[in-house]
Every structure is written in structure tokens, then in C-alpha cells.
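Coordinate inspection notes
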Amino acid sequence: MSHKIAVLPGDGIGPEIIEQALRVLGALGMDLDLRSAPVGGAAFDAHEHPLPPATLELARNSAAILFGAVGDWKYDALPREFRPEQAILGLRKALGLFANLRPAILYPQLANASSLKPEVVSGLNILIVRELTGDIYFGQPRGVRDIEDGPFKGERQGFDTMHYAESEVRRIAHVGFQAARKRGKKLCSVDKANVLETSQFWRDIMITVAREYPDVELSHMYVDNAAMQLVRAPKAFDVIVTGNLFGDILSDEAAMLTGSIGMLPSASLNASNQGLYEPSHGSAPDIAGQNIANPLATILSAAMLLRYSLNEAGQADRIETAVQAVLEQGLRTADIHEDGTTRVSTSEMGDAVLKALK
Ligand code: IPM
Ligand code: MG
């Protein structure tokens, strides 16, 4: 049976890094039905919408989506509904991709890439499980309104709504506990329960779900403290589970601990393991088209796609081993290049991974 995969390259460096991931997928000898469609700014230019109906339809009907990146400053002035970011938010919501897995791994070969001391980060391997379809990101009502009374009466006010339904917290809790069970058996739930009702509710549900996972050690941390601990002693974490907004911020922080965001893949899954796979970095329009971007995060995202949505762990292992091998050979794109290593282009890195696969 051939596996249907939607390929959405997007903007900036998206197309060139996706091209390398496609070469790698093509070399596996699998029966994959790969179909491309425009998304983000590229889709706005072609079809006046960042997530055109045909693109959404293709995504819905695929087992998995391989996503490049979206965004470019030239779309910043558009009304919010037409901005490239709406494509990714729209896909998450439409497909119910509530579980976002963002690993932050420091490869031993890249120990010097981090801005933190090697002893603080060497061997770092944490997983952030971020809830992705709820919270203040999607809460209604939101907007701008007139203030009727109180000290700011007569002024306008911008507002958003933070909320979580019990089932939304439960299902992401299960993802967190199950991930922890397969790793170091430690789950840290991050919230702001000292201030927010939503967070206290989140924490209470986490504690309830924890009863089903007696083998996993659950801890709780306020988000401000978690931001500090991530730079102070990041290796103390195994799996972090958190809401959409806090997860957005902490996952960028965790990615930067490795100093090589160009290496980090991510997966966004729904209840039937349909998933969207994308590099953790953005579209980097400043270096687009120069053949210098690091394709490894996208290649590793393709590996996650094989592992989680196609249940092809063996093929995923092959890609991950090949990536380790090219690092071992000292090949580096500009973002992770250092003295004593060989600087290669985007396509040369793709060549090297292909060769290592054989
Ligand atoms: C991310 C991004 C998105 C988010 C943006 C592009 C809407 O920052 O995937 O982390 O905030 O979720
Ligand atoms: Mg983000």
C-alpha cells in the first residue's frame, strides 16, 4: 500500500530544505505517494490565501504532512487572516493536531555550538510536549473592545481568552506520560498555577492522570522558574508537558540550548497519529535561495514522520543514523560550522546524507 504524504514547502528556505528531505525519502525504496501544494506566503501569492482549500484538502487526505516553513516580512502588513502563520495555525486546528513533540538534543559532535558551558549541556536530550490546539491561542472571545467602566473607562482594550477543557488537558497529559514512560520516566508539567485559574485546573488534571502512570515521576514547575531552570540545569529535565503559549516560548528556549536549531525536527500529531512534521526553525527569508540553509532538521522531521505516522521505525533509524554519520565526517552547514570542520552547502549536505544511507 502506498503512503500518501502531503508536501508543503512554504516560504523562505522552505523549498530548498524540503527538496533535500524529499531526496532522502526517495532513496529509501519505499512506496510513497508524495504530492506538493503551496502554503503560507507562497500560497497567498498564488491563490490569495495562506491555506487554500486545495492545500487543506490534500493535507486532510494524507497520512502525514511534510512541512517546510512559512513567513516573510513582506507579508507583515497583511490583515492577520492572510498572514503566512495562519496556514500553520489553520492546519493544526483543522486536523486536530493537538500534540506537539519538540525534542531538544545536543549531538555530541556539536557540543561547542551551544552558548552554554559544555558541562551544562553536553548530552542534553529533552522532549517538550506542547499542547497545540487550545489555550489563549484559540480561545474566544478575543479582539479589541471599548471599556465600559473602571479606571480605564472610555478607552479601547485588546483582549484574548485563556481556557482549557478537561479533555484537552487529559489527552495531552497522556501523551506526556506515555512519552516519559518510553524515556527517562520523568515528566515535568509547566504552568502558572500561582496566578492563573486555567493553570491550577491544568495542574489538578495532571495529578489525576498521573494515577494511571505510577511508574512515571510527575513534578510541577511555574513557567518563570522553568525558563530559569532550562538555562541553569537543563539536563535535570526529561519530558516537559505544557500548554500552547508556554510551550511556544519554552520550546524556542530549549532549542537554543543546543545552539543548533537547524538540527531540530518536530511533530504535531492528532488522535489518529496523522501528523505534521516540520523543522523547529523558521523560514529564514534572509538566507533563502542561497543554498546555505541546514536541511538536517527537515531530514530529521521526515524521519519522525516515518516513525510516528507511518510506523516505519526501521526506516526512521536509517535516516537518523545517516545524519549522525555526516556529523561524524565533520560536514557542517554554515549555521553549525566551526574551525576544523568542513563547510558544506544545503545540497551538499543532502548529497552526504544520501551517500551515508547506502
Ligand atoms: C511555532 C511558531 C508558531 C506558534 C507561529 C508561527 C504561529 O512560533 O510553531 O512555535 O506560535 O505556534
Ligand atoms: Mg514558536
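Here the structure is shown first, and the text comes after it.
Conventions used here
- Residues numbered from 1 in each chain as written.
- Chains lettered and ligands numbered in written order.
- Predicted model: local features only at pLDDT ≥ 70, side-chain atom pairs only at ≥ 80, totals over all residues.
- Heavy atoms only, no water.
- Near = heavy atom within 4 Å.
- Polar contact = N/O pair within 3.5 Å; in protein donor to acceptor, adjacent residues only side chain to side chain.
- Areas by Shrake-Rupley, 256 points an atom, 1.4 Å probe, with all protein chains shown as cover.
- Nonpolar A, V, L, I, M, F, W, Y, C, P; charged D, E, K, R; others polar.
- 1 Å grid on protein atoms, 1.4 Å probe; cavity = no way out; pocket = protein on both sides within 12 Å on 5 of 7 lines; lining within 4 Å.
- Points joined across faces, edges and corners; volume = space filled by probe spheres on them.
- Helix = DSSP H or I, 4+ residues; strand = E, 2+ residues; numbered from the N terminus.
- Core = buried A, V, L, I, M, F, W, Y, C linked by side-chain atoms within 4.5 Å.
- Buried < 20%, exposed > 50% of the residue type's maximum accessible area, 1.4 Å probe, protein only.
- Domains from an automatic or database assignment.
- Salt bridge = Lys/Arg side-chain N within 4 Å of Asp/Glu carboxyl O.
- Pairing = 2+ DSSP bridges.
- Axes fitted to C-alpha atoms, helices over the stretch in contact; angles between N-to-C directions.
- Contact = heavy atoms within 4.5 Å.

Below, the discussion takes up the site of ligand 1. The local shell around ligand 1 consists of Glu85, Arg92, Arg102, Arg130, Tyr137 and Asp248. In the model, an oxygen atom of ligand 1 is placed 2.8 Å from a nitrogen or oxygen of the Arg102 side chain. Arg130 is positioned such that a nitrogen or oxygen atom in its side chain is 2.8 Å from an oxygen atom of ligand 1. Protein chains bury 72% of the 320 Å² of accessible surface belonging to ligand 1 in isolation. Among the residues forming the shell around ligand 1, the class breakdown is one nonpolar, no polar and five charged.

Enumeration over the complete set of coordinates arrives at two cavities of 30 Å³ or more. Quantified by volume, the largest cavity comes out at close to 70 Å³. Looking at the largest cavity, the residues that line it are Asp135, Met162, Tyr164, Val190, Asp191, Thr198, Ser199, Trp202, Thr242, Gly243 and Phe246. Listing elements by their share of the lining of the largest cavity, those giving two or more residues are strand S8 (186-191) and helix H7 (197-210). Sort the elements by how many residues they give to the lining of the largest cavity and H7 lands first, with three residues.

Time to look at the nonpolar core. One recurring pattern in soluble globular proteins: nonpolar side chains tend to sit buried together. Formed by 62 residues in total, the largest nonpolar core has its most connected members in Leu66 and Met263. No other element matches helix H10 (residues 296-308), which puts eight residues into this core. For this core, the domains that each give at least three residues are domain 1 (1-98 + 270-358) and domain 2 (99-265). Formed by 19 residues, the second largest nonpolar core is a distinct cluster that contains Val121, Val190, Ala226 and Phe237.

Attention shifts here to helix H4 (residues 85-95). Inspection of H4 places Ala87, Ile88, Leu89, Leu91, Arg92 and Leu95 among the buried residues, and these make up the whole buried set. Once H4 ends, the next one or two residues include Gly96, with phi positive near 65°.

Going through the model one piece at a time under the given rule, you end up with 12 salt bridges. Ionic pairing is found between Asp215 and Arg181, a salt bridge with its closest N-O pair at 2.8 Å. Remark: Arg181 occurs in helix H6 (residues 166-181) and Asp215 occurs in the loop between H7 and strand S9 (217-222); sequence separation between them is 34 residues. A relative accessible area of 33% places Arg181 in the partly exposed class.

For the rest of this paragraph, the subject is the pairing of strand S4 (residues 99-105). Of all the seven residues making up S4, six are buried; the element is thus mostly covered by neighbouring parts of the structure. Looking at chain direction, S4 and strand S5 (residues 125-131) are connected through seven bridges and run antiparallel. Looking across to S5, one finds that Ala104 is bridged to Ile126. Summarising the sheet, S4 and strand S11 (residues 265-269) pair through three bridges and their orientation is antiparallel. The partner of Asn100 across the bridge, within S11, is Ser268.

Sheet architecture is open: 10 strands sit in the order S2-S1-S3-S12-S11-S4-S5-S10-S8-S9, paired in mixed fashion. Two strands in the sheet have a free side with no partner beyond their single neighbour: strand S2 (32-36) and S9. When strand polarity is set aside, the average angle formed by the axes of neighbouring strands in this sheet is 20°. Against the sheet, H6 engages S4, S5, S8, S9 and strand S10 (239-242), with an angle of about 165° to S5. The strands that helix H8 (residues 223-232) touches are S5, S8, S9 and S10; relative to S9, the one it contacts most, it runs at about 105°.

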